[in-house]
Amino acid sequence: MWKMDEAIKQSKKYTDSKSPYTLLDYFINSGEIEIAQIAGIKNSMFRGKNLGTSYTSEQQSQVASGKFLDLWVGDYWEVNGTRYYISAFNYYLDTGDLNLTTNHITLITGGSMYTHRMNPTNTTEGGYIGSEMYEEGLDQAKSTIHDAFPGSVITHRRWLSNATSDGAASGAGWFDSDVELMNEHMVYGSNAVANSVGQPDAHRCNVGIEKSQLPLFRLRHDLIGIRTLWWLRDIVSASLFAYVSTDGVASRSNAPSAVGVRPVFSISA
Amino acid sequence: MITHLPTNTVVELELADGTKLENLRTNGNNFVSDTPIEDSVFEGNLSTVKITTPEGVTEYKDLKLVQNRQFGAGYMFILAEKTPAEKEKEELMQLLADIAELTLEVASDG
């Protein structure tokens, strides 16, 4: 049976032998636990290491295998001036009407990539899927992200709102998805300002499969309030979408406001 | 809201006047059609709606059209059950309309 003292002994071969991350990676790699258990370890510890300027083939192999060795929450790549944080491991595994079975890591940008309105007029009609943001406002982010992680951004099925009634989300469905805005649950861990009572299923329409806080925000609360406005996709009223305000308050703004785009996406091999 | 619809399943709807909408797919609480369906098809035609799924037929009463629009290549519409408050408001509006009509009739007779 694998022993921790053996891990310590082995880890001494490395210059960072005192690192708990190295010890845990040895434990993970020992085969003593199932692959499916590894994300639980990885989602529990923050590291914050600079991983370089590109997603290497070795890192891709680690993600594809589900071992995620030498990758931790808070680690980041700096690609062409944009910082991409690891925010979760296998966050979407086994979700979707078409099951996602690929091991993956979920990334967010360190800040807002640019500003864009949700809609040209002051309405949330059509929900997030019906918004200008969804239809074209994310195109610039998608282009930048696909260039930074060529061939590695995964497309999977997300549950997204596509209708509103009386100021609340009233319809949702499954859509192919790669790069999207986050929702309140991913950021705060709960519903904050979104209208969750206006319609019988408003909460479900906003939340979908992204129903728990990203480990990055659980471990680094200060990465939520980043002294700039950034959109979330939750419906707050007939004219308001949720956002995170400059001062860190969970807030909301009119759909035509130019507010920051800080997307979420996932990568594998 | 219409609940317990199986996802990504082919279903058929029969509206109150007997109109049948066939080869619809479910996606969330949306019905997806490959061809557009005019709003007028649903107007005054949702007092009774039968939904046929592979599991059987379920009849719904007093539905409303929440939305009917194109998303990508598909045409998606949502039906939902009216809330008690909505039904009460409709009854009140009908009552007011009846009173207004009666008032006009009395005035014209006078």
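Look up: the structure comes first, before these words.
Chemist: How would you summarise the overall build of chain A if you had to cite specific residues and measurements?
Modeler: Each helix and strand counted, chain A has nine helices and 12 strands in total. Over its C-alpha atoms chain A spans a radius of gyration of 19 Å, differing by no more than 12% from the 18 Å that the globule rule assigns to 269 residues. The buried share of chain A, taken over its 269 residues, is 55%. Put simply, 67% of the contacts in chain A that link residues at least 6 apart link residues at least 24 apart. Positive and negative side-chain charges of chain A, numbering 22 and 28 respectively, have mean locations separated by a distance of 9 Å.

Chemist: So what's going on with the sheet that holds strand β4 (residues 48-53) of chain B? Residues and values would help.
Modeler: Residue and element names in this part refer to chain B. Read from one edge of the open sheet, seven strands run β5-β4-β1-β2-β3-β7-β6, paired in antiparallel fashion. In the strand order of this sheet, the two ends are held by β5 (56-61) and β6 (63-71), each with one partner. Taking each pair of neighbouring strands and ignoring which way they run, the sheet shows an average axis angle of 35 degrees. Judged from the four bridges that link them, strand β1 (residues 10-14) and strand β2 (residues 20-27) form a sheet pairing that is antiparallel. Along β2, the bridge assignment pairs Val11 with Leu24.

Chemist: Break down the sheet that holds strand β1 (residues 76-79) of chain A for me, with residues and values.
Modeler: The strand order across the open sheet built from five strands is β1-β2-β3-β12-β7 (chain A), with neighbouring strands paired in antiparallel fashion. The open sheet has two edge strands, β1 and β7 (180-181) of chain A, and neither has a second partner.

Chemist: So what's going on with the packing of helix α2 (residues 20-29) of chain A against helix α3 (residues 35-42) of chain A? Residues and values would help.
Modeler: All names here are of chain A. It is the contact of α2 with α3, at a shortest axis distance of 10 Å, that shows an interaxial angle of 165 degrees. As far as their axial angle goes, α3 and α2 are roughly antiparallel. Pair α2 / α3 crosses with right-handed handedness. Residues Leu24, Asp25, Phe27 and Ile28 of α2 pack against Ile38, Ile41 and Lys42 of α3. Looking at side-chain class alone, the contact of α2 with α3 contains five nonpolar, no polar and two charged residues.

Chemist: Tell me about the packing of aromatic side chains, and name the residues and values.
Modeler: Each aromatic ring pair is specified by the distance between its two centres and by the angle formed by the two planes. Residue and element names in this part refer to chain A. Evaluation of the coordinates by the stated rule reveals 17 aromatic pairs over all chains. Seen from their ring centres, Tyr55 and Phe149 are 5.9 Å apart, and the 65 degrees between their planes marks the pair as edge-to-face. With Tyr55 in the loop between α3 and α4 (57-65) and Phe149 in the loop between α6 (139-148) and β5 (156-165), this pair connects stretches of sequence that are 94 residues apart. Given a relative accessible area of 8%, Tyr55 falls into the buried group. A relative accessible area of 1% means that Phe149 is categorised as buried. Between Trp231 and Tyr243 the ring centres are 6.1 Å apart and the planes differ by 45 degrees, which places this aromatic pair in the tilted class. Of this pair, Trp231 sits in strand β8 (residues 230-235) while Tyr243 sits in strand β9 (residues 240-244), and the two are 12 residues apart along the sequence.

Chemist: A description of the interface of chain B and chain A should follow, citing residues and the corresponding values.
Modeler: Facing the 13 residues of chain B at the interface are 20 residues of chain A. Overall, the association of chain B and chain A removes approximately 1200 Å² of surface from exposure, summing both partners, and the carbon and sulfur fraction of that is 50%. The tally of links from chain B across to chain A stands at zero salt bridges. Our enumeration of links across chain B and chain A arrives at six residue pairs in polar contact (both at pLDDT 80 or more).

Chemist: Lay out the pattern of salt bridges in plain terms, naming residues and giving numbers.
Modeler: All names here are of chain A. Following the criterion strictly, the structure yields 17 salt bridges over all chains and no others. Where Arg158 meets Glu210, a salt bridge forms, and the shortest distance between an N and an O atom there is 2.7 Å. You can see Arg158 sitting in strand β5 and its partner Glu210 sitting in the loop between α8 (202-207) and α9 (215-219), a full 52 residues away along the chain.

Chemist: Can you lay out the nonpolar core for me, pointing to particular residues and giving the numbers?
Modeler: Ranked by size, the top nonpolar core spans 79 residues in total, and within it Trp77, Phe149 and Met182 of chain A carry the most contacts. Leaving out residues up to four positions away in the same chain, Phe149 of chain A has contacts with Tyr55, Trp77, Tyr84, Leu107, Phe265 and Ile267 of chain A. Counting residues in each nonpolar core, the second largest holds 17 residues, with Leu5, Phe42, Ile51 and Leu63 of chain B among its members.

Chemist: Break down a nonpolar patch on the surface for me, citing the residues and quoting the values.
Modeler: Residues and elements named next belong to chain B. Together, Leu92, Met93, Leu95, Leu96 and Ile99 give the surface a local cluster of nonpolar side chains, amounting to about 490 Å² of exposed area. Topologically, Leu92 is positioned in helix α1 (residues 84-109). Since its relative accessible area comes to 48%, Leu92 is described here as partly exposed.

Chemist: A description of the pairing of β1 of chain B should follow, citing residues and the corresponding values.
Modeler: All names here are of chain B. Going residue by residue along β1, you find Val11 and Leu13 tucked away on one face and Val10, Glu12 and Glu14 left uncovered on the opposite face. Connecting β1 to the antiparallel partner β2 that follows it, the hairpin turn spans five residues, and Gly18 within it adopts a positive phi of roughly 95 degrees. Pairing between β1 and β4: three bridges, direction antiparallel. If you follow Glu14 over to β4, its bridge partner there is Lys50.

Parameters at a glance
- Residues numbered from 1 in each chain as written.
- Chains lettered and ligands numbered in written order.
- Predicted model: local features only at pLDDT ≥ 70, side-chain atom pairs only at ≥ 80, totals over all residues.
- Heavy atoms only, no water.
- Helix = DSSP H or I, 4+ residues; strand = E, 2+ residues; numbered from the N terminus.
- Rg over C-alpha atoms; globule rule 2.2 N^0.38 Å.
- Buried < 20%, exposed > 50% of the residue type's maximum accessible area, 1.4 Å probe, protein only.
- Contact = heavy atoms within 4.5 Å.
- Lys, Arg positive; Asp, Glu negative; His and termini not counted.
- Charge placed at Lys NZ, Arg CZ, Asp CG, Glu CD.
- Pairing = 2+ DSSP bridges.
- Axes fitted to C-alpha atoms, helices over the stretch in contact; angles between N-to-C directions.
- Parallel < 35°, antiparallel > 145°, perpendicular 65-115°, else oblique.
- Left-handed = near helix turned anticlockwise from the far one by under 90°.
- Nonpolar A, V, L, I, M, F, W, Y, C, P; charged D, E, K, R; others polar.
- Phe/Tyr/Trp six-rings, centres within 6.5 Å; stacked < 30°, edge-to-face > 60°.
- Buried area = accessible area lost by both parts, 1.4 Å probe.
- Salt bridge = Lys/Arg side-chain N within 4 Å of Asp/Glu carboxyl O.
- Polar contact = N/O pair within 3.5 Å; in protein donor to acceptor, adjacent residues only side chain to side chain.
- Core = buried A, V, L, I, M, F, W, Y, C linked by side-chain atoms within 4.5 Å.
- Patch = residues over 30% accessible without salt bridge, like charges linked within 9 Å, V, L, I, M, F, W, Y side chains within 5 Å.
- Areas by Shrake-Rupley, 256 points an atom, 1.4 Å probe, with all protein chains shown as cover.

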